[in-house]
Amino acid sequence: MSLIDDADAAASGPLSESGGRWLRVAAAQLGGVARHEPRSSVVDRLIAMMRQAASADVELIVFPELALTTFFPRWYVEGEPDLDLDWFYESEMPGPDTQPLFDEAKALGIGFCLGYAELTPPDEDGRRHRYNTQILVERDGTIVGKYRKVHLPGHREHEPWREFQHLERRYFEPGDDFPTWRAFGGVVGMAICNDRRWPETYRALALGGAELILIGYNTPIHYAPDPSQNALQSFHSHLVMQAGAYQNGAFVVGVAKGGTEEGVESLADSCIIAPSGRIIALTAHTGDEVAFADIDLELCRNYKETLFQFDRYRRPEAYGVLTERRGPVSPPPLPET
Ligand code: CDV
């Protein structure tokens, strides 16, 4: 008799060989985008990479977080009189500046994933909302998914002691879920930059069936609260995405806006990771660059149906603290002796 009420009764044995679900996917890394660089110039750069990828028969190309502009949360607006914050947001997608990207993708028959700053239309209270957003566009040019960044790093108020600001918590509201979509022959989820450091992101997506997780990022090399981490930026970025891929039996595509942007050096090292946790494609430079790989989404089953067969082995009844509390609660201090 089993003491565990689970799926043990299901037939077991080695996974049988099955036909592949192959997809050619590209990480389209961007180098820095200048503060006054017009959208048309950035969109031209994205289109150039899209054409390069399409000529190699890539079916899905992934662009970074806030790909259309410089990483504007590095400035406190009141301290920067010629900074028009609204200029950095898109109030339509596609809008007049981004329509050429959609047109080109449709003509080439290539899907894409794009990060940008979103400004919503007024809600019923007349309020417009701002999100750090990423969309998934199918090969016919239709938007199949929209994700709004859940984990907003940095701070809300001006902190002049920093070399540069990280005001995402001032300029964006957080999203509140991790949706997944059927697209590109599999189940796709998205996450944005700081989300990739949190195991909950991958697990929530994998519980939605995600086989392919697309992540754009802007990661300054200099981390002001603890510069001892500067030298570890590449290691930490790969560490979390490789662990997320393996522990959830999913492919992960991590794409940087790298290089030096407005004097701030940012991590490149964009990559594609297999469910084994291994990096199977990696950029070599810090500027605009396309790296691609052929991925077989069927390979996810090797992990999702063995070590990480969630419905058989997970113990949600033992994980209550994960949603009951936000921060740690340590045991009471030991009595003084
Ligand atoms: N854009 C980001 O979310 N950047 C953060 C930095 C601030 C640490 C990151 O996690 O890479």
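Refer to the structure above for everything that follows.
Everything in this summary refers to the structure shown in the same document.

What counts and what doesn't
Every chain begins its residue count from 1, and numbering advances along the sequence as written. Note on the predicted model: pLDDT of at least 70 is required for a residue's local features to be given, and 80 or more for side-chain atom pairs to be given and counted; whole-chain, interface and lining totals, by contrast, use all residues. Think of the side-chain values as coming from all heavy atoms in the structure, minus any hydrogens and water. Put simply, DSSP marks the helices as runs of H or I at least four residues long and the strands as runs of E at least two long, and each gets a number from the N terminus on. Throughout, exposure labels follow a simple rule: accessible area from a 1.4 Å probe, protein chains only, divided by the maximum for the residue type, with under 20% read as buried, over 50% as exposed, and the rest as partly exposed. At least two bridges found by DSSP between two strands are what make those strands a pair. Note on handedness: a crossover is taken as right-handed if, strands pointing away from the viewer, the path from the first strand over the helix to the second is clockwise. The arc in question is formed by the directions pointing from the helix axis toward the C-beta atoms. Patch definition: residues with relative accessible area over 30% and no salt bridge; like charges joined within 9 Å; nonpolar side chains (Val, Leu, Ile, Met, Phe, Trp, Tyr) joined within 5 Å. Computed with a 1.4 Å probe, the accessible areas rest on the Shrake-Rupley method; for each residue, only the protein chains presented here act as cover. What makes a salt bridge here is a side-chain nitrogen of Lys or Arg within 4 Å of a carboxyl oxygen of Asp or Glu, nothing more. Any cysteine sulfur atom paired with another within 2.5 Å is treated as part of a disulfide. Axes, fitted as lines to C-alpha atoms, cover a helix only where it is in contact. Angles between the N-to-C directions of the axes lie from 0 to 180 degrees. What makes two residues a contact is simply this: any of their non-hydrogen atoms within 4.5 Å. Here roughly perpendicular refers to angles of 65 to 115 degrees, roughly parallel to angles under 35, roughly antiparallel to angles over 145, and oblique to all remaining angles. Gly is placed with the polar residues, together with every amino acid not listed as nonpolar (Ala, Val, Leu, Ile, Met, Phe, Trp, Tyr, Cys and Pro) or charged (Asp, Glu, Lys and Arg).

### Topic: unusual backbone geometry
Trans peptide bonds make up the majority, and among non-glycine residues the majority have a negative phi.
Piece 1. Residue Pro-94 follows Met-93 across a cis peptide bond; omega there is -5°.
Piece 2. Inspection of the secondary structure puts Pro-94 in the loop between β3 (89-90) and α2 (99-108).
Piece 3. Phi angles above zero are rare outside glycine, and Asp-57 is one such case at about 65°.
Piece 4. Secondary-structure assignment places Asp-57 in the loop between α1 (39-55) and β2 (60-62).

### Regarding the pairing of strand β9 (residues 212-217)
Two faces, one strand: in a regular strand the side chains alternate between the faces of the sheet.
Piece 1. Counting buried residues in β9 gives six out of six residues, a clear majority hidden from the surface.
Piece 2. What you see with β9 is no split at all: Leu-212, Leu-214 and Gly-216 on one side and Ile-213, Ile-215 and Tyr-217 on the other are buried throughout.
Piece 3. Pairing between strand β8 (residues 186-192) and β9: five bridges, direction parallel. The residue of β9 that forms the bridge with Ile-192 is Gly-216.
Piece 4. Where the polypeptide runs from β8 across helix α4 (residues 199-207) and back to β9, its parallel neighbour, the crossover connection is right-handed.
Piece 5. Relative to strand β10 (residues 251-256), β9 runs parallel, the two being bridged by six bridges. Each bridged residue has a counterpart across the sheet, and for Ile-215 the counterpart in β10 is Gly-254.

### Re α4
Piece 1. If you check which residues of α4 are buried, you get Thr-201, Tyr-202, Leu-205 and Ala-206. The buried residues of α4 occupy an angular sector of 120° when projected down its axis, which confines them to one face. Opposite the buried face of α4, at more than 90 degrees from it, the exposed residues are Pro-199 and Leu-207.
Piece 2. After α4 finishes, the residue Gly-209 shows a positive phi value of roughly 85°.

### Observations regarding a nonpolar patch on the surface
Piece 1. Together, Leu-232, Phe-235 and Leu-239 line one region of the surface with nonpolar side chains, adding up to about 280 Å² of accessible area.
Piece 2. Mapped onto the fold, Phe-235 is located in helix α5 (residues 233-248).
Piece 3. For Phe-235, a relative accessible area of 52% translates into the label exposed.

### Some thoughts on the state of the cysteines
Piece 1. Within this structure, the stated rule accounts for zero disulfides.
Piece 2. Looking at Cys-300, it has no disulfide partner, and the nearest cysteine sulfur is the one in Cys-271, 16 Å off.
Piece 3. Residue class for Cys-300 comes out buried when judged on its relative accessible area of 0%.

### A word on the sheet that holds β10
Piece 1. One open sheet holds the six strands; their spatial order is β7-β8-β9-β10-β13-β14, and the pairing between them is mixed. Looking at which strands have only one partner, the edges of the open sheet turn out to be β7 (180-183) and β14 (279-282). Neighbour-to-neighbour, the strand axes of the sheet open up by a mean angle of 20°, direction not taken into account.
Piece 2. Across the sheet, α5 touches β9, β10, β13 (271-273) and β14, and the angle it forms with β13 is around 30°.

### Points about the pairing of strand β5 (residues 130-137)
Piece 1. Most of β5 is tucked away, with seven of its eight residues classed as buried.
Piece 2. Inspection of the sheet shows β5 paired to strand β6 (residues 143-148) by five bridges, in the antiparallel sense. Directly across from Ile-135, in β6, lies its bridge partner Lys-146.
Piece 3. Hairpin connection, β5 to β6: the antiparallel pair is bridged by five residues, and Gly-141 has positive phi, about 90°.

### With respect to the packing of α1 against α2
Piece 1. Here α1 crosses α2 at 10°, and the two axes come no closer than 10 Å. On the basis of their axis angle, the class for α1 and α2 is roughly parallel. Seen from α1, the contacting residues are Val-43, Leu-46, Ile-47, Met-50, Arg-51 and Ala-54; seen from α2, they are Pro-100, Leu-101, Glu-104, Ala-105 and Leu-108.
Piece 2. Along the lines of polarity and charge, the residues of the contact of α1 with α2 split into nine nonpolar, no polar and two charged.

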